[in-house]
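Observations on the three-dimensional arrangement
If you want the building blocks of each chain, they are given just below.
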Amino acid sequence: MAYAQSQLTKLHRSVKRGSYDKELVAKILDAGVVAHVAFVDAEGHPKVSPMIYGRAGDALYLHGHLSAGLLRNGSIDVCFCMTLEDGLVLARSGMHSSMNYRCVMVHGKELEGDAKWKALDLIVDHSAGEGWASQLRPMTSAEVQSTRVLKLKLEDGKVSAKVRAEGANDDKEDIENLNLWAGIIPITRVYGPPVNNHDSSLRPPEQMLRYPKYRSGRPHCAKGTEGEGARRLVEVATIFGLGLALGLWSKRLWA
């Protein structure tokens with residue numbers, strides 16, 4: 001299944017990297033935590049706000065304090081963009097250097113969420129892990145009233161994805177120059193173990209102890225792509241390098 005295209009979502013450059021596949025869009029959104037939302041404020045000034053979000057089916061949910069610029073303007077047209085950086089693509093020339101990435105862009109009009117409490121729990125679970133909201137102290141009515149929840153629909157003509165997962169595309173004459181290097185520096189997201197707050201002495205819950213593996217273990221490059229191959233190549237090279245270094249050290253030690 002795919003989203004229908006429109007003038008808003010039609011790609012004009014590197015079209016082969018574009019996609020409107022609903023499953024791919026959902027996977028990219030579910031792998032991210034923070035998005036950037038662009039809008040024009042009441043005075044006509046363009047602005048961008050970083051926001052955490054949650055997804056449920058064909059809808060995205062955003063939240064913030066009632067006084068926040070984006071949230072006090074009522075229903076407005078926005079552009080939501082979430083990008084995952086997967087690698088630095090270093091070509092033999094600056095012009096052809098690039099990045100491997102996965103990106104989703106959504107155009108739409110933000111609407112007041114109809115199920116506010118549920119949406120807030122969804123946003124918490126999206127960033128901290130499924131079921132985490134149910135383990136917290138319940139939100140108070142005052143807290144909920146001071147927060148606005150916005151719903152952004154994922155619908156035809158409003159959604160597109162773009163993915164780059166390949167090496168450098170150098171000019172022929174640059175490839176033939178054996179003195180110029182080209183390659184990929186893979187980007188891997190690593191989440192560390194939980195650290196207690198300054199006023200907390202409890203042992204972190206099991207869900208939080210598992211969190212680094214839960215988040216860090218998620219694939220960040222399409223399986224079988226050059227980006228994945230580059231990452232594995234770096235791992236093998238690292239292991240080989242360590243083995244070589246230990247071998248040389250041992251040889252010197254017993255010489």
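For the structure, see preceding data.
Before going into details, it helps to say that this report is about the structure given with it. (Residues numbered from 1 in each chain as written. Predicted model: local features only at pLDDT ≥ 70, side-chain atom pairs only at ≥ 80, totals over all residues. Heavy atoms only, no water.)

From N to C terminus, the protein chain includes 7 helices and 10 strands. Burial statistics for the protein chain: of 255 residues in total, 35% are counted as buried. Within the protein chain, counting contacts between residues at least 6 apart in sequence, those at least 24 apart form 72% of the total. Of the accessible surface of the protein chain, which amounts to about 15700 Å², a share of 59% is contributed by carbon and sulfur atoms. (Helix = DSSP H or I, 4+ residues; strand = E, 2+ residues; numbered from the N terminus. Buried < 20%, exposed > 50% of the residue type's maximum accessible area, 1.4 Å probe, protein only. Contact = heavy atoms within 4.5 Å. Areas by Shrake-Rupley, 256 points an atom, 1.4 Å probe, with all protein chains shown as cover.)

Moving on to the nonpolar core. Generally speaking, nonpolar side chains in soluble globular proteins are found buried as a group. In this structure, Leu29, Tyr53, Leu60, Phe80 and Val106 are the most contacted members of the largest nonpolar core, which totals 25 residues. Only α1 (22-31), β2 (34-40), β3 (46-56), β4 (59-65), β5 (77-90), β6 (98-109) and β9 (159-164) provide two or more residues apiece to this core. If we skip the residues at most four places from it in the chain, Leu60 touches Leu29, Tyr53, Gly54, Arg55, Phe80, Val106, Leu150, Lys151, Leu152 and Leu154. By size, the runner-up hydrophobic cluster in this structure holds 7 residues, among which are Ala119, Leu120, Ile123 and Val144. (Core = buried A, V, L, I, M, F, W, Y, C linked by side-chain atoms within 4.5 Å.)

This part takes up the pattern of salt bridges. All told, the structure shown has 10 salt bridges when counted by the stated rule. A salt bridge links Asp86 to Arg189; its shortest N-O distance comes to 3.8 Å. Taken together, the residues span a long stretch of sequence, with Asp86 in strand β5 and Arg189 in the loop between β10 (183-186) and α5 (206-209) at a distance of 103 residues. A relative accessible area of 5% places Asp86 in the buried class. Looking at Arg189, the relative accessible area reads 16%, which means it is buried. (Salt bridge = Lys/Arg side-chain N within 4 Å of Asp/Glu carboxyl O.)

Looking now at the environment of Gly87. Assignment of secondary structure puts Gly87 in strand β5. C-alpha separation for the pair Gly87 and Ser98, spaced 11 residues apart in sequence, amounts to 8.8 Å. Beyond its immediate chain neighbours, meaning those up to four positions away, Gly87 contacts Met99, Asn100, Ile185, Pro186 and Ile187.

With that settled, consider a nonpolar patch on the surface. Taken together, the side chains of Leu88, Leu90, Met99, Trp181 and Ile185 present a nonpolar region at the surface, about 440 Å² in accessible area. Topologically, Met99 is positioned in strand β6. (Patch = residues over 30% accessible without salt bridge, like charges linked within 9 Å, V, L, I, M, F, W, Y side chains within 5 Å.)

In this section: unusual backbone geometry. Even without being a glycine, Ser14 presents a positive backbone phi close to 50°. For Ser14, a relative accessible area of 25% puts it in the partly exposed group.

The next subject is the pairing of β5. As a general feature of sheets, a regular strand has side chains that alternate between the two faces. As paired elements, β2 and β5 share 3 bridges and run antiparallel to each other. If you follow Ala38 over to β5, its bridge partner there is Cys79. In the sheet, β5 pairs with β10 via 4 bridges, with the strands oriented antiparallel. Within β10, the position partnered with Val89 by the bridge is Ile184. (Pairing = 2+ DSSP bridges.)

The next subject is the side chain of Arg164. Its location among the elements puts Arg164 in strand β9. Put simply, Arg164 is tucked away with no salt bridge, and the nearest opposite charge, on Glu166, sits 4.3 Å away. (Lys, Arg positive; Asp, Glu negative; His and termini not counted.)

Turning our eyes to something else, we now look at the packing of aromatic side chains. Scanning all chains against the criterion turns up 2 aromatic pairs. Consider the rings of Tyr53 and Phe80, whose centres lie 5.4 Å apart with planes at 85°: the pair is edge-to-face. Of this pair, Tyr53 sits in strand β3 while Phe80 sits in strand β5, and the two are 27 residues apart along the sequence. Assessed through its relative accessible area of 0%, Tyr53 is described here as buried. Ring geometry for Tyr191 against Tyr211: centres 5.8 Å apart, planes inclined by 80°, an arrangement best described as edge-to-face. In this pair, Tyr191 sits in the loop between β10 and α5 while Tyr211 sits in helix α6 (residues 211-216), placing the two residues 20 residues apart along the sequence. Assessed through its relative accessible area of 13%, Tyr211 is described here as buried. (Phe/Tyr/Trp six-rings, centres within 6.5 Å; stacked < 30°, edge-to-face > 60°.)

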